[in-house]
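# Close look at the chain arrangement
Single-letter residue listing:
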Amino acid sequence: MIKFFLMVNKQGQTRLSRYYEHVEINKRTMLEAEVIKNCLSRSKDQCSFIEYKDFKLVYRQYAALFVVVGINETENEMAVYELIHNFVEVLDKYFSRV
């Protein structure tokens, strides 16, 4: 199950966030800061899957944009990785040159 969906730029600013479980606002900002720090600190040679607290992070970088999805431990990481790619392709077709 997807817990949250984030789109973040390289400066660490959240551009889009969507939560599928209730998380208090102050906890959201702390969670986003930690997740962004973990994803931005990794090199391109490292895996795009991170185990974080009680869930997994799956992220993908497109130019200056990071798309991060938090999932529970039973979800398939490769399926979510492909979901991110399909989502970006749809945005690209709809808005052109995403």
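Note that the structure is a prediction, hence the values are computed from the model and not measured.

Conventions adopted
- Residues numbered from 1 in each chain as written.
- Predicted model: local features only at pLDDT ≥ 70, side-chain atom pairs only at ≥ 80, totals over all residues.
- Heavy atoms only, no water.
- Buried < 20%, exposed > 50% of the residue type's maximum accessible area, 1.4 Å probe, protein only.
- Helix = DSSP H or I, 4+ residues; strand = E, 2+ residues; numbered from the N terminus.
- Pairing = 2+ DSSP bridges.
- Core = buried A, V, L, I, M, F, W, Y, C linked by side-chain atoms within 4.5 Å.
- Contact = heavy atoms within 4.5 Å.

### Re the pairing of strand E5 (residues 65-71)
Within a regular beta strand, the side chains point alternately toward one face of the sheet and then the other, so they alternate between its two faces. The element E5 is largely enclosed, with a buried count of 6 among its 7 residues. Bridge count for strand E1 (residues 2-9) against E5 is 7 bridges, and the pairing is antiparallel. Along E5, the bridge assignment pairs Leu6 with Val68. With 7 bridges joining them, strand E4 (residues 55-62) and E5 adopt antiparallel strand pairing. Across the sheet, the residue bridging to Gln61 is Phe66, located in E5.

### What to know about the nonpolar core
In terms of nonpolar packing, the biggest core is built from 15 residues, with Phe4, Leu6, Leu31, Val35, Leu57 and Val68 touching the most fellow members. Put simply, the parts of the chain that give this core at least two residues each are E1, helix H1 (25-40), strand E3 (49-52), E4 and E5. Take this core: its biggest share by element is 4 residues, from H1. Not counting residues within four places of it along the chain, the set of residues in contact with Leu31 comprises Phe4, Tyr19, Tyr52 and Phe55. With 10 residues, the next largest nonpolar core counts Val58, Ile71, Val80 and Val88 among its residues.

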